[in-house]
Each structure stands twice: as C-alpha cells, then as structure tokens.
Amino acid sequence: DAGVIQSPRHEVTEMGQEVTLRCKPISGHDYLFWYRQTMMRGLELLIYFNNNVPIDDSGMPEDRFSAKMPNASFSTLKIQPSEPRDSAVYFCASRLDRGRSNEQFFGPGTRLTVL
Amino acid sequence: AQSVTQLGSHVSVSEGALVLLRCNYSSSVPPYLFWYVQYPNQGLQLLLKYTSAATLVKGINGFEAEFKKSETSFHLTKPSAHMSDAAEYFCAVSGSSGNTPLVFGKGTRLSVIA
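Predicted, not measured: the structure shown is a model, and the values here were computed from it.

Across its full length, chain B carries zero helices and eleven strands. Here chain B has a C-alpha radius of gyration of 13 Å; the compact-globule value for 114 residues is 13 Å, and the two agree. On the principal axes, the C-alpha backbone points of chain B span a range of 45 × 30 × 20 Å. A total of 114 residues make up chain B; the buried ones form 47% of that total.

Right under this line is the structure:
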C-alpha cells in the first residue's frame, strides 16, 4: 500500500494568495483527519471526516480555512486568503472504522510558508 | 474528553543509556493509548499502541510502554539509546468507542549524545 499521499510537499506563497493542500487517504479507510503542526501550538486537529462527511470542524481556525472530501479517495484543505501565521506543516491522516484500534496513519505532510 | 501531558519538551540521553519519556493521560472512558515518532521532515509513525489487552506493550525499534491505570500513565522506555532514536515523540489518547480522533500531547524531543 502506498500509504497516505499528500501534495504538494512544500508550498511557498505570498500573503493573500489561495492555497490548496491535497490528500489521498489509504484505500478503504473510513476516516480522514487534517492536522496542523507548529512550534508554538504543537499538533492541532483541524477537521475530520467519516465516510466523506465532515464530523467535527471545531479546530478550523477561521473562515479562511475550508476542507472538502468529494469522494473516498480525495480531500482538500484550502486557505483563502493565506496569511503569514498560517505557515506550518499540515498533515493528513486516515484510519479504518473497523478493528476499533483507532490507529491513525499519517502522510508525510505539506510544509507551507506564507511570505 | 481526553487529554495528554508529556513531561519534558526535551530529553537528552547518552548513547547506550536508558530512555524514559513520560506521558500522563486523562480520559473519562477506557482509553486507547499510542506513541508516535516523528523523524525530521517526516510524518508521524506509530511506535506502539495499547488497546486494553496486555498492559506492557512492545513496539518497534526496541521501545515498550506500560499502561498503569492507577497512575494514569503510559511512559515510553528503551533500555539502550541509539543515535538513530533521536526524534520527536508524541503520546496520544482516544476513547475506546471507535469513533473518536486521537488527542496528542505536545511532544518530547529526544536527543542522543555520542
């Protein structure tokens, strides 16, 4: 299995631009999670989906952030407009609903720099 | 609700010495507990997990952790540190109901000195 795939791996953009981060979960996984990692706040859960439906988006910092999961094999996290404080590493993770171990599998992350 | 406290944001040990990374959790339901490792510029990788079976859990790379309900702890240990163990380690908790996301601690950076 290829694991969780994220693209791009690195993104450098200017303040005010729209940024779209992409994630392909492991095939067959029912849950998808978006996290943000910064030195100040550590690893924060932004939003998660179950069977393509958003379950909890209380971690999304502002209306500038939005996430979609149009099908079981693809999700996007969009920031519009981007700001320098959005600079962070964004991780996507997925897991199975069956098995009940709650183990999450992480992608390699997207390092976002907003100038 | 669940939460995790990792004591010590940075731990430094000599090569060959015991590694002990501390994790205390809070959970209103029987927990599942996890340790993840993050090497530089990489994603998080599962080291080991506790899911209500044996309280002493063995993971990859010689690490193990013991679930102690009375102490609400899940400390990570390795008898002999190796240079390749230098990384960030995260403890995480979730409820055992099967539909809750992991709640992560703030992480502990492990340095190994030659």
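Let us keep going from here.
This part is about the interface of chain B and chain A. Residue-level contacts link 22 residues of chain B with 21 residues of chain A. Approximately 1,700 Å² of surface area, both sides summed, lies buried where chain B meets chain A, with 48% of it carried by carbon and sulfur atoms. Counting across the interface, chain B meets chain A through one salt bridge. Glu103 of chain A serves as the salt-bridge partner of Lys49 of chain B, at 3.0 Å between the closest nitrogen and oxygen. The greatest single-element share of the side of chain B that touches chain A, amounting to four residues, is contributed by strand β4 (residues 31-38) of chain B.

Our next topic: the packing of aromatic side chains. The tally for this structure, following the rule as stated, stands at 16 aromatic pairs over all chains. Where Phe106 of chain A meets Tyr36 of chain B, the ring centres are 5.5 Å apart and the plane angle is 75°; that geometry is what we call edge-to-face. Taken together, the positions of Phe106 of chain A in strand β10 (residues 105-106) and Tyr36 of chain B in strand β4 put the pair across two chains. We note that Phe106 of chain A, like Tyr36 of chain B, is buried. In this structure an aromatic cluster arises from ring pairing among Tyr31, Phe33, Tyr35, Tyr48, Phe91 and Phe106 of chain A together with Phe34, Tyr36, Phe90 and Phe104 of chain B. The aromatic ring of Tyr31 of chain A is capped on one face by Arg95 of chain A, whose charged end is 4.1 Å from the ring centroid.

A word on the state of the cysteines. What is meant by a disulfide is a covalent connection between two cysteines, made through their sulfur atoms. All names here are of chain A. Overall, the coordinates contain two disulfides over all chains when judged by the stated rule. Sulfur-sulfur distance for the disulfide between Cys23 and Cys92 comes to 1.9 Å. Judged by the torsion about the S-S bond (-70°), the Cys23/Cys92 disulfide is left-handed. With Cys23 in strand β3 (residues 19-24) and Cys92 in strand β9 (residues 88-95), this residue pair connects regions lying 69 residues apart in the sequence.

Let's shift gears to the environment of Pro30 of chain B. All names here are of chain B. Relative to the elements of secondary structure, Pro30 occurs in the loop between β3 (19-27) and β4. Spatially, the C-alpha atom of Pro30 lies 14 Å from that of Glu71, the residues being 41 residues apart in sequence. Look past the residues within four positions of Pro30 in its chain and what remains in contact with it is Ser94, Gly95 and Ser96.

With that settled, the discussion passes to the sheet that holds strand β8 (residues 74-79) of chain A. Pairing between sheet strands relies on hydrogen bonds along the backbone, with the strands arranged either parallel or antiparallel. Residue and element names in this part refer to chain A. Here four strands make up an open sheet; going across it, the order is β1-β3-β8-β7 and the pairing antiparallel. Whereas interior strands pair on both sides, the edge strands pair on one side only; in this sheet they are β1 (5-7) and β7 (65-71). Ignoring strand direction, the axes of neighbouring strands in this sheet form an average angle of 15°. As judged from the five bridges shared by β3 and β8, these two strands associate in the antiparallel manner. Among the inter-strand pairings, Thr20 is bridged to a residue of β8, identified as Lys78.

Residues and elements named next belong to chain B. Formed by 27 residues in total, the largest nonpolar core has its most connected members in Trp35, Leu48, Leu76 and Tyr89. Elements represented by at least two residues in this core include exactly β2 (10-14), β3, β4, β5 (44-50), β7 (64-68), β8 (73-78), β9 (87-95) and β11 (108-113). When neighbours within four sequence positions are excluded, Tyr89 is seen to be in contact with Gln6, Leu21, Trp35, Tyr36, Val37, Leu47, Phe63, Leu76, Gly107, Thr108 and Leu110.

Below, the discussion takes up the sheet that holds β3 of chain B. All names here are of chain B. Taken in spatial order, the five strands make up an open sheet running β1-β3-β8-β7-β6, and their pairing is antiparallel. Every other strand in the sheet has two partners, leaving β1 (2-7) and β6 (56-58) as the edge strands with one partner each. Strand-to-strand, the axes of this sheet are offset by a mean angle of 20°, without reference to chain direction. In this sheet, β8 lies alongside β3 in antiparallel orientation, the contact comprising four bridges. Paired with Val19 across the two strands is Lys78, which belongs to β8.

Conventions and cut-offs
- Residues numbered from 1 in each chain as written.
- Chains lettered and ligands numbered in written order.
- Predicted model: local features only at pLDDT ≥ 70, side-chain atom pairs only at ≥ 80, totals over all residues.
- Heavy atoms only, no water.
- Helix = DSSP H or I, 4+ residues; strand = E, 2+ residues; numbered from the N terminus.
- Rg over C-alpha atoms; globule rule 2.2 N^0.38 Å.
- Buried < 20%, exposed > 50% of the residue type's maximum accessible area, 1.4 Å probe, protein only.
- Contact = heavy atoms within 4.5 Å.
- Buried area = accessible area lost by both parts, 1.4 Å probe.
- Salt bridge = Lys/Arg side-chain N within 4 Å of Asp/Glu carboxyl O.
- Phe/Tyr/Trp six-rings, centres within 6.5 Å; stacked < 30°, edge-to-face > 60°.
- Lys NZ or Arg CZ within 6 Å of the ring centre and 35° of its normal.
- Disulfide = S-S within 2.5 Å.
- Pairing = 2+ DSSP bridges.
- Axes fitted to C-alpha atoms, helices over the stretch in contact; angles between N-to-C directions.
- Core = buried A, V, L, I, M, F, W, Y, C linked by side-chain atoms within 4.5 Å.

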